[in-house]
Amino acid sequence: MRLAVVALALVPWLVACPAAQDTAAVDAGGGGDGPVAFAPPRGGTWAPDGGAVHFRVASERATRVEVWIYAAPRGEPARLSRTLARGADGDWRGAVTAAELAAAGVDTIYYGYRAWGPSWTYDAAWTPGSGLGFVARVTADGDRMNPNKLLLDPYAREVSHDPITPGSLDGTAYRTDDANRALDSGPIAPKAIVLPPAALTDGDLGPRPDRALADDVIYEVHLRGLTAGDAALPCAGTYAGAAARAAELAALGVTAVEFLPVQETGNDANDVDPASNSGDNYWGYSTLAFFAPDRRYACDRAPGGPTREWRAMVKAFHDHGVKVLIDVVYNHTAEGGGGSLLSLRGLDNAAYYQLSSNGLGFYDSTGIGANTNARHRLFRDLVIDSLAAWHRDLGVDGFRFDLAPVLANGCDRGCFRWDPGDPDGVLQRAARELPARPGDGGAGVDLIAEPWAIGNGTYRVGQFPAGWAEWNDQFRDLVRQDINLVGVVDVTLGGLADRLVGSPGIFRAGGRPPAASVNFVVAHDGFTLADLHACNGKNNGQAWPYGPSSGGSDNNYGWDFGGDPVRQRQAARTSLALTMLAAGVPMMVGGDEVLRSQRCNNNAYNLDSVATWLDPAAATRQAAFRTFTQRLLGFRAAHPALRRRGWHDAASLTWLGTDGLPLPDAFFHDPGAHFLAWRIAGTAAPDEPARAIYVAYNGATTTVAATLPAPTAGAAWYVVADTGAWFEDHSNFYAPGAEYRMNGRRYDVGARALAIFIER
Ligand code: CA
């Protein structure tokens, strides 16, 4: 970074903007074909010929917008500023030439916007730190412009630093109360970085997997937590570190990693006191910039480093056939529900946030303070444009949307109204424009909703439109109850059977396939798999590094099996097996393959510590459980009948009782019945490796003697797996090809255990 031309830095000067142009004429150079039209996208973008940087930002309510350019991320006044002009489409545009930047001593371009509007009118005598022009902190139309607050470009491709960093822990400058509204945030505020022209096209992203979502096994994991605990790994806890795990995860049988939020969030301060969670934001559900890969997760944190390293990581996963999905948080932002101005709130508060009825506050279905405004064109554009950029430029194969019903809120102010069918809304536009990947696979993106938010009619499981899959909390809760709470909570075999075939009771009426159901028993949000079967309730108040954490659900359906680790492991295997055998899309959590524990903390959002990082030594310690997991995933991959695209029918799947005969209807409704077996015909997909699959699940507290259905003439049943504790010394799963041939049809299934058989 150059630090020359210091004299120019002292007084930023205003340069009159030329007439607004929707496209800039750019000389293609050398070809003799004359100028080519360059239509600058939103954000800060170099023209293809490198002659100028173009800035474009959207605000309907602003009356004046300036871009301010800095030569350093912090601690310096601006070197340049320029007034933007409103174009015919309402967007604000301006440009600065390379020569001007060079003359001002700007090498890497750090920039932000200052905006005026009804809440703060323009006064030619205003300078940073002045109160001239102030009207109101907020107007009845929701305007909150304040030119003393430097605003991050919503389309920033990289961000210089977090609002709160180890070098700057005081957020006062972002506040707009009477005492702070004239305080200039420019010297400390996070700034957008203009990437060099080729930053998004240098190198390739590897072959994009185009497999159907129905064929995926999703592995939900925190990008940093995946490797932060591995002291022997170079760049542990970063994109480069995660890339080093691609081969190992592929070998485990994972086909899609799903990273917890990686878009820029305020996590720099996690490092301030490594032995404290005070103010820590580990999970990252608080997005500051929707286009930018988080700088903290990069090993190379120089400008352009996060982008380069992210792309290289995606290539590593793609080279191993593994999709990269990311968890995206568009329901609220890092600006929360208060008056601090970081970006969107100062540009056009009413466009990007859902206001309260009187316009002075916000409406909230997220628990954070302010919903984003799913009704507004500018917010919808921000969502779709950033998703498209992550897919196109950063290679992402799919998205999991946090508290997704907020994105289908058809209410203008002060309420929630579920409106998934709006053709211009986020749900429909995402499926149409990105577009959603076809059910049989192909180009596109996987769209997965967390189909609930907090209160006020936001629980919408099963109600998302075509092209969307959903986290199925009813699979989660029912399997938990059946394995942990038999005799305490009534679960019927009918309910269980519905979950095991893709939850047609939830998804089929909407014309959606089994793959609409993402089946899981645990997610980042709650117990780990090991803790689910080792904890009677949450313990979030414990000391660092396993706590303390606030919140956390009180309805975990956990049980510690009397403290017996043998029975705990058996239950964990059974849970995982039900997840992987069910129709739909299975999801597991990173570390569950080695029984990762958070010691009963079920809300570790703030623990950037060994409590949440994967332990590289666990693979040795839990080798048997890991082998079980690997063979289970391999079994699902080997048997298309488990991954059927359509719904099962009587020809493809038969429910059976202990006698090997079709289960009488009465059993489906009897909460006292706990044994459920099913036979999937090998023709169901069709399934080349097996003529049929038979699974016997015993949810009871005592062993059950089961009789298998008669095998087809000339064939025999082979034992593939048994989650019972007695079989641990064989990792509970025979190696493929080494399955055990049965002599008869009788098989004892232990309590809360499950056995798998194939016919051949
Ligand atoms: Ca960050």
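Small disclaimer: the values here were computed from a predicted structure and weren't measured.

Visitor: Pulling in residues and values, what's your account of the coordination of the calcium ion?
Guide: In a perfect tetrahedron of four donors around a metal, the angles come out at 109.5 degrees. In a perfect octahedron of six, they are 90 or 180 degrees. Here the calcium ion is held by the protein donor atoms Asp162 (OD), Asp162 (OD), Glu264 (OE), Thr265 (O), Asn267 (OD1), Asp294 (OD) and Asp294 (OD), which lie 2.3 to 2.9 Å from it. Considered as a linear motif, the donors of the calcium ion on their single chain read D-x101-E-T-x1-N-x26-D. Pair noted here: Asp162 is in the loop between strand S11 (158–159) and strand S12 (192–193) and Glu264 is in strand S15 (residues 263–265), with a separation of 102 residues, a long-range link.

Visitor: Got a sec to walk through the nonpolar core? Specific residues and values, please.
Guide: By size, the foremost hydrophobic cluster in this structure holds 128 residues, and its most contacted members are Phe259 and Trp310. Phe259 has contacts with Val221, His222, Leu223, Leu226, Ala242, Trp310, Met313, Phe317, Val324, Leu325, Ile326 and Asp327, leaving out every residue within four places of it along the chain. Grouped together as the second largest cluster of nonpolar side chains are 44 residues, Ala115, Leu151, Ala156 and Ala192 included.

Visitor: Account for unusual backbone geometry, with residues named and values stated.
Guide: Going from Trp544 to Pro545, the amide bond is cis rather than trans, its omega being 10°. Tracing the backbone through its elements, the reader meets Pro545 in the loop between helix H13 (529–532) and helix H14 (565–581). Note the cis peptide between Ala685 and Pro686, where omega equals 0°. Here Pro686 shows up in the loop between strand S24 (675–681) and strand S25 (692–698). Residue Asn456 is not a glycine yet carries a positive backbone phi of 55°. By secondary structure assignment, the location of Asn456 is in the loop between strand S19 (446–449) and strand S20 (468–471).

Visitor: Can you tell me about the side chain of Ser130, naming the residues and giving the values?
Guide: Relative to the assigned elements, Ser130 resides in the loop between strand S10 (110–116) and S11. Under the relative-accessibility criterion, Ser130 is labelled buried at 13%. Of note is the side chain of Ser130, whose polar atom sits 2.9 Å from the backbone nitrogen of Leu132. Residues in contact with Ser130, not counting those within four places in the same chain, are Trp120, Asn148 and Ala182.

Visitor: So, the sheet that holds strand S5 (residues 52–58): which residues are in play, and what are the values?
Guide: As summarised here, the arrangement of the four strands in space is S4-S5-S9-S8, forming an open sheet in which the pairing is antiparallel. On the outer flanks of this sheet lie strand S4 (43–46) and strand S8 (85–86), each paired with one strand and no other. Judged from the four bridges that link them, S4 and S5 form a sheet pairing that is antiparallel. Across the sheet, Gly43 pairs through a bridge with Arg56, a residue of S5.

Visitor: Give me the lowdown on the state of the cysteines, citing residues and values where you can.
Guide: For the structure on display, the rule yields three disulfides. Between the sulfur atoms of Cys535 and its disulfide partner Cys600 the distance amounts to 2.1 Å. Looking along the S-S bond of the Cys535-Cys600 disulfide, the torsion reads about -85°, which is the left-handed sense. Placement of the pair is Cys535 in the loop between H13 and H14 and Cys600 in the loop between strand S22 (585–589) and helix H15 (618–621), with a sequence separation of 65 residues. By relative accessible area, which is 3% here, Cys535 ends up buried. Looking at Cys600, the relative accessible area reads 17%, which means it is buried. Each disulfide in the protein links cysteines that, numbered along the sequence, combine into the pattern 1-2, 3-4, 5-6.

Visitor: Residues and numbers for the packing of helix H10 (residues 473–484) against helix H11 (residues 493–500), please.
Guide: Two quantities define a packed helix pair, namely the angle between the helix axes and the distance between the axes. It is at 10 Å that the axes of H10 and H11 come closest, and there the two elements cross at 135°. Put simply, H10 runs oblique to H11. Note on packing geometry: the crossing formed by H10 with H11 is left-handed. Contacts between H10 and H11 involve Gln474, Phe475, Leu478 and Asp482 from the first element and Gly495, Leu496 and Arg499 from the second.

Visitor: Describe helix H9 (residues 426–433), listing the residues and the values that go with them.
Guide: Val426, Leu427, Arg429, Ala430 and Ala431 are the residues of H9 that are buried. Looking at the buried side of H9, the elements it contacts are helix H8 (377–392), S19 and S20.

Visitor: Describe the pairing of strand S9 (residues 91–97), listing the residues and the values that go with them.
Guide: Of all seven residues in S9, five are buried; the element is thus mostly enclosed. The pairing of S5 with S9 spans seven bridges and is classified as antiparallel. For Val53, the partnering residue across the bridge sits in S9 and is Val96. Here two bridges tie S8 to S9, and the two strands are oriented antiparallel to one another. Directly across from Ala85, in S9, lies its bridge partner Arg93. Between the end of S8 and the start of S9, which pair antiparallel, lie four residues, with Gly90 showing a positive phi angle near 95°.

Visitor: Explain the sheet that holds strand S27 (residues 717–722) residue by residue, including any values.
Guide: With respect to topology, six strands assemble into an open sheet ordered S23-S24-S25-S30-S27-S28, the strand pairing being antiparallel. Every other strand in the sheet has two partners, leaving strand S23 (653–656) and strand S28 (740–741) as the edge strands with one partner each. Pairing of S27 with strand S30 (residues 753–759), which is carried by five bridges, proceeds in the antiparallel orientation. Its bridge partner lying in S30, Val719 is registered against Phe757. Of the strands in this sheet, S23, S24 and S25 touch H11, which is tilted by about 35° from S24.

Visitor: Please provide a residue-by-residue account of the environment of Gly112, values included.
Guide: As for its placement among the helices and strands, Gly112 is situated in strand S10. Sequence-wise, Gly112 and Glu66 are 46 residues apart; in three dimensions their C-alpha atoms are separated by 8.4 Å. Setting aside residues up to four positions removed in sequence, Gly112 forms contacts with Glu66, Val67, Trp68, Leu150 and Leu151.

Visitor: An account of the domain arrangement of the protein is requested, with residue identities and associated values reported.
Guide: Partitioning the protein into structural domains gives domain 1 (1–194), domain 2 (208–342 + 456–640), domain 3 (343–455) and domain 4 (648–759). The straight-line distance from the C-alpha centre of domain 2 to that of domain 4 is 29 Å. Taken residue by residue, the interface counts 33 residues in domain 2 and 40 residues in domain 4. Counting every contact that joins domain 2 to domain 4 gives two salt bridges. For Glu728, the salt bridge identified is with Arg569, shortest N-O distance 2.7 Å. At the boundary of domain 2 and domain 4, one finds 13 residue pairs in polar contact (both at pLDDT 80 or more). Those elements giving two or more residues to the side of domain 2 that touches domain 4 turn out to be H10, H11, H14 and helix H16 (623–638).

Each value, and the rule that gives it
Residues numbered from 1 in each chain as written. Predicted model: local features only at pLDDT ≥ 70, side-chain atom pairs only at ≥ 80, totals over all residues. Heavy atoms only, no water. Donors = N, O, S within 2.8 Å, 3.2 Å for Na, K, Ca; no water. Helix = DSSP H or I, 4+ residues; strand = E, 2+ residues; numbered from the N terminus. Core = buried A, V, L, I, M, F, W, Y, C linked by side-chain atoms within 4.5 Å. Buried < 20%, exposed > 50% of the residue type's maximum accessible area, 1.4 Å probe, protein only. Contact = heavy atoms within 4.5 Å. Polar contact = N/O pair within 3.5 Å; in protein donor to acceptor, adjacent residues only side chain to side chain. Pairing = 2+ DSSP bridges. Disulfide = S-S within 2.5 Å. Axes fitted to C-alpha atoms, helices over the stretch in contact; angles between N-to-C directions. Parallel < 35°, antiparallel > 145°, perpendicular 65-115°, else oblique. Left-handed = near helix turned anticlockwise from the far one by under 90°. Domains from an automatic or database assignment. Salt bridge = Lys/Arg side-chain N within 4 Å of Asp/Glu carboxyl O.

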